[in-house]
Amino acid sequence: QVQLVESGGGLVQAGGSVRVSCAASGRTFSSYAMGWFRQAPGKEREFVAAINWSGGSTSYADAVKGRFTISRDNVKKTVHLQMNSLKPEDTAVYYCAAGRVIDATTPPTHWGQGTQVTVSS
């Protein structure tokens, strides 16, 4: 089992940057793929980015490719999402997720509580 707690986010201007982080607890963190999803008001939750257990493979939604970077530290049991060149449409609650596989079609098995990112125009 793994428990996930997000931090970071907040209010940022369009074109700016912010980093959200996820702290995990549990012995098996390094065996999980990790990812980030987001949910904007009135919309369904959507896949943003994923990283495999070793950090050697990453994937991104087309909407964030080239602007967002996911990373992990298996010693510190943390996952980060660095978000650059932010746009108002990136405004959402960002959720950390863990699972054996993380992608746009496979539901994660563990979720964090979410952290708000608001991008002003």
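Everything numeric here is computed off the predicted structure, so don't read it as measured data. (Residues numbered from 1 in each chain as written. Predicted model: local features only at pLDDT ≥ 70, side-chain atom pairs only at ≥ 80, totals over all residues. Heavy atoms only, no water.)

**As for the nonpolar core**
Phase 1 of the analysis: Counting 35 residues, the largest nonpolar core has Met-34, Trp-36, Leu-81, Met-83 and Tyr-94 as its most contacted members.
Phase 2 of the analysis: Those elements that place two or more of their residues in this core are strand 3 (18-25), strand 4 (33-39), strand 5 (46-51), strand 7 (68-73), strand 8 (78-83), strand 9 (92-99) and strand 11 (115-120). (Core = buried A, V, L, I, M, F, W, Y, C linked by side-chain atoms within 4.5 Å. Buried < 20%, exposed > 50% of the residue type's maximum accessible area, 1.4 Å probe, protein only. Helix = DSSP H or I, 4+ residues; strand = E, 2+ residues; numbered from the N terminus.)

**Considerations on the pairing of strand 9**
Phase 1 of the analysis: Judged by how many residues are buried, strand 9 sits mostly within the fold: 7 of 8 residues are covered.
Phase 2 of the analysis: Summarising the sheet, strand 4 and strand 9 pair through 7 bridges and their orientation is antiparallel. Counted as the bridge partner of Phe-37 is Tyr-95 from strand 9.
Phase 3 of the analysis: With 3 bridges joining them, strand 9 and strand 11 adopt antiparallel strand pairing. Bridged to Tyr-94 within strand 11 is Thr-115. (Pairing = 2+ DSSP bridges.)

**Regarding unusual backbone geometry**
Phase 1 of the analysis: Unlike most non-glycine residues, Lys-77 shows phi in positive territory, near 60°.
Phase 2 of the analysis: Although it is not a glycine, Ser-85 adopts a positive phi angle of roughly 50°.
Phase 3 of the analysis: Here Ser-85 is to be found in the loop between strand 8 and strand 9.
Phase 4 of the analysis: On the basis of relative accessible area, Ser-85 is assigned to the partly exposed category, the value being 42%.

Note that all results are geometric; they support no functional claim without further evidence.
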